[in-house]
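What follows is the residue order along each chain.
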Amino acid sequence: EKKPKGHVLLAMVDATELKALLTAQGDKVKAIKAEKKPKDDPELVAAVVELQRLKKEFEEASKPVESNPYVGSQAELQDICKRRFFFRPAFDIYGGTAGFYTYGPPGAALKANIIALWRRHFIIEENLMEIEDPTIMPHEVLKTSGHVDRFNDFMVQDVLQSDKFFRADKLLEEEIEKRLKVPTIPEAERTQLNIDLVAADAFSKEDLGKKLKEYGIKAPETGNDLTDPYEFNLMFPTPIGPSGLIQGYLRPETAQGIFLNFKFCSEQNSDRMPFGVAQVGKSYRNEIAPRGGLVRQREFTQAEIEFFCKPGDKPFEKFASLASLELQMFSSPLQLEGKPPVLMKLGDCVAKKMVANETLGYFIGRTAQFLLLAGINPKSLRFRQHLPTEMAHYACDCWDAEIEVSTGWMETVGIADRSAYDLTVHAEKTKVDLCAQEKLETPLSIEVVYLNKKAGALVGKDFKKEASIVRTYLESLPINEAKALQAETEAAGSKTMTIEGQEFTVKKEHCVFEVKTETSHYRSYVPHVIEPSFGIDRVFTAVLEHSYYSRPQDPNDKEKINRGVLALTPDVAPYKAIIMPLDQRIGSNVKYLEMVQQLRAQLSSLGINYKVDDSGASIGKRYARNDELGIPLAITVDFDSIGQGEGQTDMSLEGTITLRERDSCTQVRMAASEAVDVIAAVSGRRLTWAQVQERYVEQKNAASTAMGDGSAAAAGGEGSDATAALAAYIKKHQFTEMLNQAVNETLAAKPENPFAHLSALLAAKGSA
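Keep in mind it's a predicted model, so treat the numbers as computed, not measured.

About the criteria used
Residues numbered from 1 in each chain as written. Predicted model: local features only at pLDDT ≥ 70, side-chain atom pairs only at ≥ 80, totals over all residues. Heavy atoms only, no water. Pairing = 2+ DSSP bridges. Helix = DSSP H or I, 4+ residues; strand = E, 2+ residues; numbered from the N terminus. Polar contact = N/O pair within 3.5 Å; in protein donor to acceptor, adjacent residues only side chain to side chain. Axes fitted to C-alpha atoms, helices over the stretch in contact; angles between N-to-C directions. Left-handed = near helix turned anticlockwise from the far one by under 90°. Contact = heavy atoms within 4.5 Å. Nonpolar A, V, L, I, M, F, W, Y, C, P; charged D, E, K, R; others polar. Buried < 20%, exposed > 50% of the residue type's maximum accessible area, 1.4 Å probe, protein only. Core = buried A, V, L, I, M, F, W, Y, C linked by side-chain atoms within 4.5 Å. 1 Å grid on protein atoms, 1.4 Å probe; cavity = no way out; pocket = protein on both sides within 12 Å on 5 of 7 lines; lining within 4 Å. Points joined across faces, edges and corners; volume = space filled by probe spheres on them.

Draft legend 1. The arrangement of the sheet that holds strand S24 (residues 577-581) in detail. Reading across the sheet, the 6 strands line up as S25-S24-S26-S27-S28-S29 and stay open at both edges, with mixed pairing between neighbours. The sheet terminates laterally at strand S25 (610-612) and strand S29 (697-698), the two strands that pair on one side only. Pairing of strand S27 (residues 656-661) with strand S28 (residues 667-671) involves 5 bridges; the strand directions are antiparallel. Directly across from Leu659, in S28, lies its bridge partner Val668.

Draft legend 2. Focus on the side chain of Glu304. Mapped onto the elements of the fold, Glu304 is located in strand S11 (residues 299-309). Within polar-contact distance, the side chain of Glu304 engages the side chain of Ser533 at 2.7 Å.

Draft legend 3. Region of the structure containing the packing of helix H7 (residues 168-180) against helix H9 (residues 205-214). At a minimum axis separation of 10 Å, H7 and H9 run at an interaxial angle of 40°. Judged by the twist between their axes, the crossing of H7 over H9 is left-handed. Along the contact surface, H7 presents Ala168, Asp169 and Leu172, while H9 presents Leu208, Lys211 and Leu212. Class assignment of the residues belonging to the contact of H7 with H9 gives a composition of 4 nonpolar, no polar and 2 charged.

Draft legend 4. The arrangement of the side chain of Gln302 in detail. Mapped onto the fold, Gln302 is located in strand S11. Given a relative accessible area of 5%, Gln302 falls into the buried group. A distance of 3.1 Å separates a polar atom in the side chain of Gln302 from the backbone nitrogen of Thr254. Once residues within four sequence positions are removed from consideration, Gln302 is found in contact with Pro252, Glu253, Thr254, Gln279, Val280, Gly281, Ser283, Arg285, Ser533, Phe534 and Ile536.

Draft legend 5. Spatial organisation of the nonpolar core. Of all hydrophobic cores here, the largest spans 104 residues; its most connected members are Trp118, Phe383 and Leu659. Those residues within four positions of Trp118 in sequence are excluded, and the remaining contacts are Ile123, Ala278, Val280, Ala303, Glu304, Ile305, Phe370 and Phe534. Counting residues in hydrophobic clusters, the runner-up holds 23 residues, among them Ile176, Leu180, Ala199 and Phe330.

Draft legend 6. Just the sheet that holds strand S8 (residues 236-240), in detail. Here we have 3 strands laid out as an open sheet, ordered S4-S9-S8, and antiparallel in their pairing. The open sheet terminates on both sides in strands that have one partner only, identified here as strand S4 (136-138) and S8. When the angles between neighbouring strand axes are averaged without regard to direction, this sheet yields 40°. Looking at chain direction, S4 and strand S9 (residues 246-250) are connected through 3 bridges and run antiparallel. Considered in S9, the bridge of Ile136 is made with Leu250.

Draft legend 7. Region of interest: empty space enclosed by the protein. Per the counting criterion, the structure on display carries 2 cavities of 30 Å³ or more. What the largest cavity holds in volume is close to 40 Å³. Residue lining of the largest cavity: Ile578, Met580, Tyr623, Asn626, Asp627, Ile631, Pro632, Leu633, Ala634, Arg660 and Arg662, and that is the complete set. Breaking the lining of the largest cavity down by element, the ones donating at least two residues are S24, helix H22 (619-627) and strand S26 (633-637). Residue contributions to the lining of the largest cavity peak at 3 residues, all from H22. Of the residues in the lining of the largest cavity, the class split is 7 nonpolar, 1 polar and 3 charged.

Draft legend 8. The arrangement of the environment of Leu77 in detail. Relative to the helices and strands, Leu77 resides in helix H3 (residues 74-83). The spatial distance from the C-alpha of Leu77 to the C-alpha of Tyr549 is 8.6 Å, given a sequence separation of 472 residues. Apart from the residues within four sequence positions on either side, Leu77 is in contact with Leu544, Glu545, Tyr548 and Leu566.

Now the structure itself:
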């Protein structure tokens, strides 16, 4: 997993012009002083004052400028995440361990909903297969895939404190990002900084070491020098079995399990191409210095697709449906020139070969659609092409979906054309056929070479266990090479050769070949694969940051409480609805309890996650704290709902509820029996809130309306319609005065039964 990075563009003052003015004014002061004028000379005094003004202006203009729109709200969002337990460091009561996090109830529900949306969007809509593979993999598998040898990051150490480790490319990125925030740097320097920024994790070990020295980067905590970069393998080793002799690793990605099961999935698909296989699950990487919260964890959730297709141009029938989709595309040439991304249609990207093929382009488009459905701001989404130096040697093309968050541009999804690399290496290692077959329109006649009967038998006799290795090699030789080998051994008697790392000596009797013509009705090939790989925890992080906002402060609120809101989409919101009584008097009413029981049963039967908030807090405060959880809709049961509205003669409102929408703070009244169906329709995007408002009567409520305008009712609940009506009723019947008078008279009389005496007094006063 990679830390956020990307192209930084800031609004700049004209630093060059300002610096030129400062230099010219400095020269002017020097010239006046050269004339040996007195210090109080008006011309000199005016020139010095102007020089000081320009210096101050230049210093002010040189201060770092933060252009990231998500930085300012981070403290508020982190407070909500911790206080409402969306997530927090794992093992917290023991002090925690870096790189591990626990998701609390709302966080776990939000993450589960993101995965459920991903499954609907890809597995169901694209008709993919899904597998579940073990999270522990044997050494041999990951050796073959290249992870044992090449799954490394470059690490540096503090030369004086050997327990301080840092990921080298991240130190470089952080230094560059800090410099880019200075608005007065020259444009040429800014361009070079952006070029180095996007290339930071693509530098070789030697080039990265040079860049660290060029930028003068030291150990962050101590300021000490750093060692030269060196490789660190990110996999967690683990022994398998009681003997500990079988070496295994916690899997670094979910993809390898799909490649190992390609043959069996292909059989389930009747060996038809193309087809896709998906897997969602945990992966593990022993990050050098995990920071940035959920962005760089040691245990994280991946959702990956391996879409197998025929090599070649890789056309895709459904690509036309996304060809007009416009996205911010950050191609490799733009990065190398230090230029910003450009808005382009996917169809144009493929036509101009910026994106390698239609299948890759299709999954780029589908990825964008998924992220937007999850709640990502389209202005903060771009697709960055891998540079030539960071592209895997076997990859044809690779793009990352990057999302701007508070820490910068974060790689969230990788979409790669991996060619046939993985299937090829696993097939070669296991000797299992991992090919697909294509029926030919016109059969082909081909010449094939094979050992004659006597030579084949002799190979089996002489090489025993290794006979299949030798025979497979000999019969896989092209005809010209087979004939050359037969002639060579005929002349020399034998030849020693290396096959799969072992030395074998074949005699002339082993190398007697025959050639025959075969008619083939099928063509065999190793499928290529397009791989979209999603970091679910990073999508989670971006969704939270992009959905958060705070309502206007109430000027009368002495506590100045921040009223934060998570404007989560109905697809991913952890709870779709909240059920609340208007106040505690309703909360204890039998009709309310029956209504809630029915609502709970209906919501549960439809699989809709919900909460009930019948605490003693004011209705305004309860609205506010459930807005923090991102709950889109609130069912409120009021006095009209239970047939006890003030002066209520029309009982048609009994059995109704009000339904409140989180972001607009508007409410409508409807029958309680209809509420769950409306919630289900809104949650499933079959109905918009605007359509709900058209169908039902709007319900004015001060406590809810105040949430949108920052008035007192929002913070304390005072000023709601129900509260105002209650106050008027108490005043009309002189509750306070009469109750105080009766209590005083009872205390003065000191009767044997004070409560009976008090009751009689109140009854007499009430009838007077």
